[in-house]
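Next come the chains, spelled out residue by residue.
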Amino acid sequence: MSYDLGAVVPLGTTVRDASGALANAGNMQVTVTLPDNTTTTVPSVAPTSTGTYAYDYPTTLAGRHTVRWVATGVNAGAYVDVFDVREAAPALLFSLAAAKAKLDIPATSTGSDEELREFIEATTAAVEFFVGPVARRTVQQVVRGDRDAWVLHTTPVIAVTAITPLQTWQQAIDVSVLDVDTHTGILRRTDGLWFFSGDYRVTYTAGRAIVPPNVSLAAKLILQHLWRTNYGASRGLAGIGGGDDFLATEQVPGFGYAIPNRALQLLQADRDPGGFA
């Protein structure tokens, strides 16, 4: 399960003695290693009850975190775990409410919300493999100057927001003189000049300002298809789409049976030529 950036993550571990019974350690230390490789250490954590230790960690960075508990003295030992923190604005093709409506999950039922959010993120990545970015995201790309055009590699492009020179002697470029082909990612100047020499970092927004209905529906069909894996032999339940789950019998390259053909057909008109053959 992933946590939202800024959320407090409840961390915990237990200690047992040689007989297997819960018992306190001489001392318990917990260290959290952040995605940037910095660490936060609490040198001494008191037990909340015999042999049970807890620490609430307030998240400050997105990415993978490693947690290491070390018990010293009596009942010494160690335990390592990990947790993930989402970006502040994760790529999501549709809302939790829309997902629950597609799966016929009542809005008041919240027990599967966190798991379902993970399914939405996975579904988004699967759809974007085929059609390119749909959810908006900020992209940075380093390009070489002394030419009349740049090609941005993540398309569609919604807008170029900044161009930053990487060498101190370079001339700045005003984004107001730029024209970008949103579909091909070709970036040109409108003042007739070439881009100055040197390397530049281009910051731009990629994705789609409007999500086409065929893409949105295909994503929901993929979600429905994947969500059935939670139900084992009950995949035919009416509330998750009936019993026709296995009508999609042909594999989609790169995804095995994770992508139903009906969803793939909906994505054909918007597909990225590099996504699949």
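Treat the numbers as computed from the prediction; the structure is a model and nothing was measured. (Residues numbered from 1 in each chain as written. Predicted model: local features only at pLDDT ≥ 70, side-chain atom pairs only at ≥ 80, totals over all residues. Heavy atoms only, no water.)

1. A word on the packing of helix α2 (residues 113–131) against helix α3 (residues 213–227)
Inference 1: Where α2 contacts α3, the axes come no closer than 9 Å and their chain directions differ by 125°. Regarding the angle of α2 to α3, the classification is oblique. The two elements α2 and α3 meet at a crossing, and its hand is right-handed. Contacts from Glu115, Leu116, Phe119, Ile120, Thr123 and Val127 of α2 reach α3 at Val215, Ala219, Ile222, Leu223, Leu226 and Trp227.
Inference 2: Taken together, the residues that form the contact of α2 with α3 break down as 10 nonpolar, one polar and one charged. (Axes fitted to C-alpha atoms, helices over the stretch in contact; angles between N-to-C directions. Helix = DSSP H or I, 4+ residues; strand = E, 2+ residues; numbered from the N terminus. Parallel < 35°, antiparallel > 145°, perpendicular 65-115°, else oblique. Left-handed = near helix turned anticlockwise from the far one by under 90°. Contact = heavy atoms within 4.5 Å. Nonpolar A, V, L, I, M, F, W, Y, C, P; charged D, E, K, R; others polar.)

2. A closer look at the sheet that holds strand β10 (residues 149–151)
Inference 1: The three strands are arranged β10-β13-β12 in an open sheet whose pairing can be described as antiparallel. With one partner strand each, in any of the chains shown, β10 and β12 (178–180) form the two edges of the open sheet. When the angles between neighbouring strand axes are averaged without regard to direction, this sheet yields 20°.
Inference 2: The sheet contact formed by β10 and strand β13 (residues 186–189) spans three bridges and is antiparallel. Bridge pairing links tryptophan 150 to leucine 187 in β13. (Pairing = 2+ DSSP bridges.)

3. Description of the nonpolar core
Inference 1: Membership of the largest hydrophobic core comes to 24 residues, with the highest contact counts inside it found for Phe94, Leu116, Val127, Leu223 and Leu267.
Inference 2: Contributions of two or more residues to this core are made by α2, α3 and α4 (261–267).
Inference 3: With residues near it in sequence (within four places) discarded, valine 127 still touches Leu93, Val215, Ala219, Ile222 and Leu267. (Core = buried A, V, L, I, M, F, W, Y, C linked by side-chain atoms within 4.5 Å. Buried < 20%, exposed > 50% of the residue type's maximum accessible area, 1.4 Å probe, protein only.)

4. Things to note about the pairing of strand β7 (residues 63–72)
Side-chain positions along a regular strand alternate between the two faces of the sheet.
Inference 1: Bridging between strand β3 (residues 27–33) and β7 involves seven bridges; their strand directions are antiparallel. Looking across to β7, one finds that asparagine 27 is bridged to threonine 72.
Inference 2: Looking at chain direction, β7 and strand β8 (residues 77–85) are connected through nine bridges and run antiparallel. In the sheet register, tryptophan 69 faces β8, and the bridge partner there is tyrosine 79.
Inference 3: Counted between consecutive antiparallel strands, the loop separating β7 from β8 contains four residues, among which glycine 73 sits at a positive phi close to 80°.

Distances and angles like these do not, on their own, reveal function.
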